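# Secondary and tertiary structure notes
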Amino acid sequence: MPSYLVDTAQRKYRAIIERGILARTGEHLPAAGGKVFVITTRDVWQFHSSRLAAGLAGRSHEILFFPGGEENKRLACLEALAEEMVQRGGDRSSLVIAFGGGIVDDVAGFLAAIFMRGVPVLQIPTTLLAQVDAAIGGKTGVNLACGKNLVGAFHQPVAVLIDPEVLATLPEREYRAGLFEVVKCGIIRSPSLFSMLAEKRAAVLAREPEIVERVISECVRIKAEVVSADERESSIRVILNLGHTVGHALEAETGYSRFLHGEAVSFGMRAVTYLAERTGHLSAEDSVEILNLLDLYGPIPPLDGVSAGTLAARTVMDKKTLKGQVRWVLPVRIGEVQVVPGIDDAVVRSAIEEALG
Ligand SMILES: NC(=O)c1ccc[n+]([C@@H]2O[C@H](COP(=O)([O-])OP(=O)(O)OC[C@H]3O[C@@H](n4cnc5c(N)ncnc54)[C@H](O)[C@@H]3O)[C@@H](O)[C@H]2O)c1
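Residues numbered from 1 in each chain as written. Predicted model: local features only at pLDDT ≥ 70, side-chain atom pairs only at ≥ 80, totals over all residues. Heavy atoms only, no water.

## Remarks on the site of the ligand
If you check the shell around the ligand, you find 26 residues, and the closest are Glu70, Gly102, Thr126, Thr127 and Thr169. With respect to the ligand, the side chain of Thr127 contributes an N or O atom lying 2.6 Å from an oxygen atom. Asn149 has a polar side-chain atom sitting 3.3 Å from an oxygen atom of the ligand. Protein chains shield 88% of the accessible area of the ligand, which is 870 Å² for the free molecule. Elements represented by at least two residues in the shell around the ligand include exactly α1 (42-55), α3 (102-114), α4 (128-134) and β8 (147-154). When residues in the shell around the ligand are grouped by element, the largest group, 4 residues, is from α1. Of the residues that constitute the shell around the ligand, the class distribution is 8 nonpolar, 9 polar and 9 charged. Both of domain 1 (3-168) and domain 2 (172-356) provide at least three residues apiece to the shell around the ligand. (Near = heavy atom within 4 Å. Polar contact = N/O pair within 3.5 Å; in protein donor to acceptor, adjacent residues only side chain to side chain. Areas by Shrake-Rupley, 256 points an atom, 1.4 Å probe, with all protein chains shown as cover. Helix = DSSP H or I, 4+ residues; strand = E, 2+ residues; numbered from the N terminus. Nonpolar A, V, L, I, M, F, W, Y, C, P; charged D, E, K, R; others polar. Domains from an automatic or database assignment.)

This is the structure we're talking about:
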């Protein structure tokens, strides 16, 4: 089974893709160390507790439940989890296991980053989106009312254990939302992944094990490579944000409740595809190919009532904005993107309008 090295200044670790690895979690925990705190949601625990419990046999551990949802990805929930950790015996020798989707990965990762000024975290992602993206690379954080992930820390895990078997219980909509992050990987860096997604749609949607593992593997390879080259997003890592500036604006504008993260990113990728074409960065043929692939894995929920002007204004609040200028990640061909700062507001607005349809 494939495993990829993530080589950062903070830590070197492996992202391992292996069926059944959940039941072997203990082998990937540091031998020394205190109590293990598993942060999870009740749905994930209900489906997969027995295998993780087997993996933790013989290791003192506590289970802490997080309510889940973007609305709870806030500092208040983090504080409650930290209080609970102390009450249940947490100290500087503790280790956190983030066991859930991207929200749990971000919250539990941030908790580990700041608990007693930092304890190790093991990431065990359970959604497709978290397996191909969120759990790898050490970005952790929570939302503010005015924007997503605006408070956080870089905290690299000791390892990322990716068990494709857990995806069997993932609801269809969540699986499809994760596939949009996979499409993103194809657009930014992998023409072969892009073609595979276009040609093998039925197998991908049917979650055929062999194809799912190939898809996850290619995305993890890309993420590991990009993060190893630029841990702190001072250069190339920004390409992983293709579609995220407009996607985050859409999520914030609709109260984090109407669109799943991957769906919002899908809309964001549609908008930047139009933007890239309008600004002469992308050919009409490649633009059609990208839009077709997004359609192939769509649709996303209706966009009624969403205004292009408001979304365009919100993009300026994004973390990727520097000195008031948005750094746009634009596709320039299938498998390659370019960072383009300072595109005229009117052009951005009209590309978003076109994406709204
Ligand atoms: N840190 C990063 O680099 C990074 C990258 C991308 C996205 N993110 C973040 O990830 C979050 C989105 O993550 P997500 O899409 O995984 O959503 P999520 O964490 O909300 O999970 C989706 C739902 O599926 C449930 N679930 C998880 N695994 C399951 C399983 N195996 N079976 C059944 N149900 C399961 C969850 O409890 C939840 O209800 C966003 O907050 C986004 O900002 C972070």
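## Side note on helix α2 (residues 75-87)
With 13 residues, α2 extends 18 Å between its outermost C-alpha atoms, agreeing within 8% with the 18 Å of an ideal straight helix rising 1.5 Å per residue. Among the residues making up α2, those that are buried are Cys77, Leu78, Leu81 and Met85. Projected down its long axis, α2 carries its buried residues within an arc of 100 degrees, all on one side. Relative to its buried face, α2 has exposed residues pointing more than 90 degrees away, namely Ala76, Glu79 and Gln87. Each element contacted by the buried residues of α2 is listed here: β3 (36-40), β4 (61-65), β5 (95-100) and α3. Residue Gly89 follows α2 closely and has a positive phi angle near 95 degrees. (Expected span 1.5 Å × (residues − 1). Buried < 20%, exposed > 50% of the residue type's maximum accessible area, 1.4 Å probe, protein only. Arc of directions from axis to C-beta. Contact = heavy atoms within 4.5 Å.)

## Structural notes on the packing of aromatic side chains
Remark: the centre distance and the inter-plane angle together describe each pair of aromatic rings, the angle taken between the planes. Taken as a whole and assessed by the stated rule, the structure comprises 2 aromatic pairs. Ring centres 6.5 Å apart and planes at 75 degrees place the aromatic pair Trp45 and Phe65 in the edge-to-face group. With Trp45 in helix α1 and Phe65 in strand β4, this residue pair connects regions lying 20 residues apart in the sequence. Taking relative accessible area as the criterion, Trp45 reaches 17% and is therefore assigned buried. (Phe/Tyr/Trp six-rings, centres within 6.5 Å; stacked < 30°, edge-to-face > 60°.)

Spatial relationships are all this shows, so hold off on functional conclusions.
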